[in-house]
Amino acid sequence: MANLTDRIKISDRLAGVAAWLVLQFFRIFEIPLSLIQRIVGVRGMPWIFLLPNLAFFGLFVVIPLCINFAFSFTGGTDLFLSDRIYTGTEQYGFLLDCETFGDPITCREDRFWKGLYNTATFTVFQVTFLVLFSMITALILNREIRGRGFFRAVFFFPVLLSPVVVALIWKWILLRDGIMNAFLVSVGLDKILFFVSPEWSMFWAVFVSIWAHMGFYTLILLAGLQAIPPDLYEAAEMDGTSKERVFWRITLPLLWPNLLVVVVLALIKGVQIFDEVFVLTGGGPGTATQFIVQYIYNTGFTEPVRNFGLASAASIVLGLVLFVLTITQLAATRARDNG
Amino acid sequence: MADTSTQPRTLKSLITARRGRGRLHWTDVFSYTYLFLGVLLMFGPVVWLVLSSFKTPAGLIEFPPTLLPLGQIEVVVEGYEKPLLLFDVVQEDGTTKQLAQVRRIGIISQMVDPENPDKTVRVPIDQRVKVREFRLAVENYTDPLKRFNFVGFLNNSIIVTTVATVITLLINSMAAYALSIYEFRGRNAIMLFVICTLMIPITVILVPVYLVVTQLGMINSLWAVILPGAATPTGVFLLRQYMLTIPKDLIEAARMDKASEWSIYSKVVMPLTMPAIAVLAIFSIMWRWNEFLWPLIVLTRTEVHTLQVGLNAFQGELNVQWHYILAMTVVTLIPVVVVFAFLQKFITTGIASSGMK
């Protein structure tokens with residue numbers, strides 16, 4: 001007991017020290033801001049409070065966004081805009097020049113199209129199975145099971161791991177002499193060189209990203225399930241409604257807004273996939289798991305000749321896709337919160 | 001089972017089922033099977049990482065791998081300077097005996113009986129088996145501290161995470177304060193603007209932000225990682241939502257007492273917003289600690305690498321030294337695990353209520 005009270009005292013003292021530090025930190029600004037208030041008056045103060053945040057947004061979001069368009073209409077390899085040559089829509093023409101759009105090889109910039117197709121394939125499979133498994137997990141966790149908190153934590157914790165760590169964990173499992181191949185050999189199969197096969201690389205890219213992010217979507221769906229009023233279920237039970245019918249008529253319709261938000265959120269994240277897969281497969285074999293963000297990264301930052309214009313044009317294409325998705329997401333969120 | 005006629009036998013029904021009224025229904029069996037397989041699939045890889053990180057390089061290349069980290073036992077034999085490796089050797093009469101290896105020549109190994117060190121015997125190498133014991137290769141963890149810039153990476157990550165989180169909390173809470181406490185012309189326009197910045201993730205503006213950062217002379221400095229992401233629209237939203245619930249009377253009362261606007265913000269509003277601030281702090285710490293693509297672009301010199309970038313650079317090198325990589329991976333995930341263990345409830349409710357990650 002003595003130990004416990006000691007511990008509480010220590011944590012109290014730590015909290016006290018932290019609070020004191022924060023207070024001192026704020027006090028630094030006290031005098032200059034009082035002076036400013038005297039100059040601009042109370043009515044001007046909201047702008048003063050907004051200033052730092054808006055400055056950051058302006059410097060690192062708004063200005064870059066404008067420069068992005070400027071970049072995409074210029075050529076050459078110089079970074080600074082004044083050195084760049086105006087080329088009009090040449091970059092877009094180069095990106096979008098395809099004989100048949102269904103086949104990346106017929107395009108002038110085939111890596112861009114390969115990246116687009118890979119991203120589309122990845123996103124379709126990843127989002128489908130991600131939402132499916134999150135849904136099943138959320139429905140099971142919503143039942144009256146023992147140790148629910150524990151199981152929820154188990155499914156959730158990979159969300160917090162860094163993409164690099166996630167990729168390294170799975171790379172170690174899937175290596176030629178890794179434990180996955182040991183398992184295959186022990187059940188009488190041959191070893192598989194996962195990262196040499198394009199299909200297996202894509203499969204593991206999808207699998208690993210689902211493994212890492214499932215907990216997040218499970219959590220949102222679980223919150224949605226728990227918000228469904230229990231008396232609806234009780235009424236259905238009293239009427240002797242079959243459980244199948246309860247699912248289709250009560251659970252799914254009431255969960256639908258959350259499900260929509262989850263699907264669009266997963267799409268937004270899926271289209272921007274880079275980190276895990278880059279560390280896991282490096283985009284390989286060849287370009288089998290190279291996605292659109294990696295195309296931008298490679299074109300703009302790793303090629304011997306850095307093509308900033310092309311990278312900008314490609315990122316504007318990506319931006320357009322994301323814009324449509326985000327509008328959908330905002331609409332879906334609004335519908336959920338109002339409905 | 002008597003009531004199977006009332007229980008639909010489809011896969012869908014088990015997902016809708018809420019409980020089996022005391023009896024163990026097959027949907028319960030399915031649920032628990034699913035959950036335990038889930039535990040295996042979610043925890044297994046991490047457990048395997050931690051176990052592997054304690055293996056010696058020799059233990060790591062073994063196929064099939066052993067479950068636990070094992071090390072071969074060495075014995076000191078009279079008459080030999082160095083400790084010798086111990087093997088189980090099958091004798092001609094079928095019994096096994098423990099012998100120590102003096103040297104190995106091709107497929108023949110010269111061995112000695114530790115109890116009778118004068119006589120050496122020659123044994124074909126396929127007739128001996130290593131004698132091993134459970135042993136943790138702690139040097140995987142201690143060597144990188146000396147041999148690589150691991151401490152530097154760790155330092156950089158800690159600096160980026162702390163400084164960025166402090167800046168984020170300060171400027172986001174200030175903006176949220178302005179947008180929630182004051183009524184002023186242009187407030188809605190600003191809110192719309194913040195929503196718009198939400199739509200522009202860093203992946204869309206990599207090249208121009210790189211230009212801005214270069215113009216500011218911050219390439220290969222930690223500021224290049226800290227500053228561009230410091231103003232977060234999600235943070236402003238979260239804090240504003242919370243501040244809107246603070247009663248206006250409190251602020252009016254403080255104004256009556258001639259408190260300056262800054263004191264109202266720092267002494268009245270901020271203490272009341274602490275729960276939301278804490279949620280944002282945890283998220284910011286996680287974002288920054290795990291950030292990868294942007295640091296990868298702006299931090300090209302090894303001295304300024306953060307843990308994530310350093311780890312990636314290391315695993316991409318030619319002779320991959322997995323024993324070090326695995327150990328460093330474990331170190332990288334420790335802070336996250338600690339934070340999660342203590343703040344699990346906090347984080348999960350934070351995500352469930354704000355829907356951000």
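Let me sum up the structure you'll find in this document. (Residues numbered from 1 in each chain as written. Chains lettered and ligands numbered in written order. Predicted model: local features only at pLDDT ≥ 70, side-chain atom pairs only at ≥ 80, totals over all residues. Heavy atoms only, no water.)

**Points about the overall build of chain A**
Then step 1. For chain A, the helix and strand inventory stands at 13 helices and 2 strands.
Then step 2. A globule of 339 residues ought to have a C-alpha radius of gyration of about 20 Å, yet chain A, at 26 Å, is considerably larger.
Then step 3. Once the C-alpha set of chain A is aligned to its principal axes, its extents read approximately 80 × 70 × 50 Å.
Then step 4. Counting all 339 residues of chain A, 49% fall into the buried class.
Then step 5. Expressed as a percentage of contacts within chain A between residues at least 6 apart in sequence, the contacts between residues at least 24 apart total 60%.
Then step 6. Surface exposure of chain A reaches about 16300 Å², of which carbon and sulfur atoms provide 67%.
Then step 7. A distance of 10 Å separates the average location of the 24 positive side-chain charges in chain A from that of its 24 negative side-chain charges. (Helix = DSSP H or I, 4+ residues; strand = E, 2+ residues; numbered from the N terminus. Rg over C-alpha atoms; globule rule 2.2 N^0.38 Å. Buried < 20%, exposed > 50% of the residue type's maximum accessible area, 1.4 Å probe, protein only. Contact = heavy atoms within 4.5 Å. Areas by Shrake-Rupley, 256 points an atom, 1.4 Å probe, with all protein chains shown as cover. Lys, Arg positive; Asp, Glu negative; His and termini not counted. Charge placed at Lys NZ, Arg CZ, Asp CG, Glu CD.)

**Section: the environment of Thr326 of chain A**
Then step 1. Inspection of the secondary structure assignment puts Thr326 of chain A in helix α13 (residues 308–338).
Then step 2. Thr326 of chain A sits in the buried class, given a relative accessible area of 4%.
Then step 3. For the pair Thr326 of chain A and Leu130 of chain A, spaced 196 residues apart in sequence, the C-alpha to C-alpha distance is 19 Å.
Then step 4. Once residues within four sequence positions are removed from consideration, Thr326 of chain A is found in contact with Ile268 of chain A together with Met199 of chain B.

**As for the environment of Ile351 of chain B**
Residues and elements named next belong to chain B.
Then step 1. Along the chain, the position of Ile351 falls in helix α15 (residues 322–354).
Then step 2. A residue is classified by how much of its surface remains accessible, and Ile351, at 1% relative accessible area, is buried.
Then step 3. Considered as a pair, Ile351 and Val75 are 276 residues apart in the sequence and their alpha carbons are 56 Å apart.

**Considering the environment of Gly58 of chain A**
Residues and elements named next belong to chain A.
Then step 1. Summarising the element assignment, Gly58 is placed in helix α2 (residues 45–72).
Then step 2. Each C-alpha atom of the pair Gly58 and Ala167 lies 34 Å from the other, and the pair is 109 residues apart in sequence.
Then step 3. Every residue in contact with Gly58, bar those within four places of it in the chain, is listed here: Ile63 and Pro64.

**A word on the nonpolar core**
Then step 1. Counting 198 residues, the largest nonpolar core has Phe49, Ile169 and Trp170 of chain A together with Tyr177, Tyr265, Ile297 and Val298 of chain B as its most contacted members.
Then step 2. If you tally residues by element for this core, the top one is helix α8 (residues 198–226) of chain A, at 16 residues.
Then step 3. In this view, Ile169 of chain A contacts Leu161 of chain A together with Pro45, Val46, Leu49 and Leu333 of chain B; residues no more than four positions away in its chain are not counted.
Then step 4. Within the second largest apolar cluster, 7 residues are counted, among which are Val77, Leu84, Ala100 and Val112 of chain B. (Core = buried A, V, L, I, M, F, W, Y, C linked by side-chain atoms within 4.5 Å.)

**Focus on the packing of aromatic side chains**
Then step 1. Inspection of every chain in the model, using the stated rule, returns 52 aromatic pairs over all chains.
Then step 2. Joined through ring pairs, the aromatic side chains of Phe25, Phe26, Phe29 and Phe49 of chain A together with Tyr177, Tyr182, Trp262 and Tyr265 of chain B make up one cluster. (Phe/Tyr/Trp six-rings, centres within 6.5 Å; stacked < 30°, edge-to-face > 60°.)

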